Amino acid sequence: LKSSRVVAFAGGSQGGKANLNLNMFAQLNCASRLSERVITFPFGISKVALECNGASRLGEMLSQMGKPILVRDVISHRLLSQAGVRTSHVSDCVFTARGLFSGLRNSGHQPTKTVYVSVTRSGKTSAQGIVELFGRLRRTGLDPVMFSSCELEDRPLIDSVLALSEEKVVAPASWKEAVKLFADAAFVVTNRLHCLIFSALAGAAVVPIANRQKALAYAEDAGLDYAPAEISDITESGIFEYLSTLDEVREKQRCFLDVSAETTQVAIEQVCARPD
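The present account deals with the structure reproduced in this document. (Residues numbered from 1 in each chain as written. Predicted model: local features only at pLDDT ≥ 70, side-chain atom pairs only at ≥ 80, totals over all residues. Heavy atoms only, no water.)

### Regarding the overall build of the chain
1) Next: Counting its regular elements, the chain contains 12 helices and nine strands.
2) Next: Over its C-alpha trace the chain gives a radius of gyration of 20 Å, about what one expects of a compact globule, namely 19 Å for 276 residues.
3) Next: Its C-alpha atoms give the chain principal-axis dimensions of roughly 60 × 35 × 30 Å.
4) Next: Expressed as a percentage of the 276 residues in the chain, the buried residues total 49%.
5) Next: Pairs at least 24 residues apart make up 68% of the contacts formed inside the chain by residues separated by at least 6 positions.
6) Next: Total accessible area on the chain stands at roughly 12,800 Å², and carbon and sulfur atoms take up 52% of it. (Helix = DSSP H or I, 4+ residues; strand = E, 2+ residues; numbered from the N terminus. Rg over C-alpha atoms; globule rule 2.2 N^0.38 Å. Buried < 20%, exposed > 50% of the residue type's maximum accessible area, 1.4 Å probe, protein only. Contact = heavy atoms within 4.5 Å. Areas by Shrake-Rupley, 256 points an atom, 1.4 Å probe, with all protein chains shown as cover.)

### Brief notes about empty space enclosed by the protein
1) Next: Under the criterion given, the structure shown has one cavity of 30 Å³ or more.
2) Next: Size it by volume and the largest cavity reaches roughly 90 Å³.
3) Next: Arg72, Asp73, Ser91, Asp92, Phe95, Leu193, Ile197, Lys214, Ala217, Tyr218, Asp221 and Phe256 are the residues that line the largest cavity.
4) Next: Secondary-structure elements contributing two or more residues to the lining of the largest cavity are helix H9 (193–202) and helix H10 (213–222).
5) Next: The residue inventory of the lining of the largest cavity, partitioned by class, reads six nonpolar, one polar and five charged. (1 Å grid on protein atoms, 1.4 Å probe; cavity = no way out; pocket = protein on both sides within 12 Å on 5 of 7 lines; lining within 4 Å. Points joined across faces, edges and corners; volume = space filled by probe spheres on them. Nonpolar A, V, L, I, M, F, W, Y, C, P; charged D, E, K, R; others polar.)

### Some words on the pattern of salt bridges
1) Next: Here the structure, examined in full by the defined rule, presents 15 salt bridges.
2) Next: Glutamate 153 is the salt-bridge partner of arginine 192, the closest N and O atoms lying 3.1 Å from each other. Taken together, the residues span a long stretch of sequence, with arginine 192 in the loop between strand E8 (187–190) and H9 and glutamate 153 in helix H7 (residues 151–164) at a distance of 39 residues.
3) Next: Classification of arginine 192 by relative accessible area gives buried; the value is 6%.
4) Next: Between lysine 252 and aspartate 225 there is a salt bridge whose closest N-O contact spans 3.4 Å. Residue lysine 252 is found in helix H12 (residues 246–273), and its partner aspartate 225 is found in the loop between H10 and helix H11 (236–243); the two are separated by 27 residues along the sequence.
5) Next: Residue lysine 252 is classed as partly exposed on the basis of its relative accessible area of 24%. (Salt bridge = Lys/Arg side-chain N within 4 Å of Asp/Glu carboxyl O.)

### Quick notes on the sheet that holds E8
Strand-to-strand pairing in sheets goes through backbone hydrogen bonds, with the strands running parallel or antiparallel.
1) Next: Pairing is parallel across the open sheet formed by five strands, whose spatial order is E7-E6-E5-E8-E9. Each edge of the open sheet carries a strand with a single partner, namely strand E7 (169–170) and strand E9 (206–208).
2) Next: This element, helix H8 (residues 175–183), spans strand E5 (114–118), strand E6 (143–147), E7 and E8 of the sheet and lies at about 165 degrees to E6. (Pairing = 2+ DSSP bridges. Axes fitted to C-alpha atoms, helices over the stretch in contact; angles between N-to-C directions.)

### Some words on the nonpolar core
1) Next: Phe182, Phe187 and Tyr218 are the most contacted members of the largest nonpolar core, which has 54 residues in total.
2) Next: Of all the elements, H9 adds the most residues to this core, at eight residues.
3) Next: Sequence-distant contacts of tyrosine 218, that is, excluding residues within four places in its chain, are made with Phe95, Leu196, Ser199, Ala200, Val206, Pro208, Leu224, Gln253 and Phe256.
4) Next: The next biggest cluster of nonpolar side chains, apart from the first, holds 24 residues, and it includes Phe43, Ile45, Ala49 and Ala217. (Core = buried A, V, L, I, M, F, W, Y, C linked by side-chain atoms within 4.5 Å.)

### Regarding the side chain of threonine 114
1) Next: Position of threonine 114 among the secondary structure elements: in strand E5.
2) Next: Contacts of threonine 114, omitting those with residues within four sequence positions, involve Asp143, Val145, Ala185, Ala186 and Phe187.

### Focus on unusual backbone geometry
1) Next: At the junction of lysine 67 and proline 68, the peptide bond is cis and its omega measures out at -5 degrees in the coordinates.
2) Next: Among the secondary structure elements, proline 68 is positioned in the loop between helix H3 (55–62) and strand E3 (69–71).

### A few points about the packing of aromatic side chains
1) Next: Enumeration according to the criterion identifies eight aromatic pairs in this entry.
2) Next: Plain terms: the ring middles of phenylalanine 95 and phenylalanine 256 are 5.4 Å apart, the flat faces sit at 75 degrees to each other, and that makes the pair edge-to-face. Of the two residues, phenylalanine 95 sits in the loop between strand E4 (87–89) and helix H5 (102–105) while phenylalanine 256 sits in helix H12, which places them 161 residues apart along the sequence.
3) Next: Note on phenylalanine 95: relative accessible area 3%, which makes it buried.
4) Next: Between tyrosine 226 and tyrosine 242 the ring centres are 5.2 Å apart and the planes differ by 35 degrees, which places this aromatic pair in the tilted class. (Phe/Tyr/Trp six-rings, centres within 6.5 Å; stacked < 30°, edge-to-face > 60°.)

Here it is, written out as structure tokens:
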């Protein structure tokens, strides 16, 4: 670190649960003592960080970063505003990769009947609940597939589902393959930020399950009206109603992708180029 001109904190909710929280702020303290500048790429912070540190202490620790602090979602922006921290509300840096997939989004493919479902055990999610959701999706003429963007973490839940019902499971080896799959989907159901972003890159309609802060924030940032609190809230009548809005949701996804990519790219360039 002593030879570093800039140290950038990038990525996810490092200030979240206990060990991550301690690790992030220990690294930040070390970096701020040894490096000329400490900046942030767009990152998220959870309400746990605010609750366990308190607004004053959280603001004090984050003051070691150069301003403004780039945050990737509206909830992180609100939390840090409570702590008196000046932020710039942009989006996740992965959105800036949109150019790699412009051909997919403009290919004119007709979406299939496939619905990819990628959920964690957050909230009331259970293997039985997933099997029941698959049944409701099939009764509305759709073909549900269990999808994993993090198979190592998802494997216990996947195995629990397979023990109850013989379902198709897809766990692509790369995020590029994931985007290609989503591009042809009817829509995606997920509470994973990875899959929310992949759906935007693919131009796919998405149903954020709002039992995780990241998914709840994404729904608000993207202006998506249909964001059930749990997968159990996705009813057959709700699915039929949602199907009538797919073109509108895809358009919101495209707009959110474009705005996110442009504003985030500009903000990253400015923060990296500007001395404190």
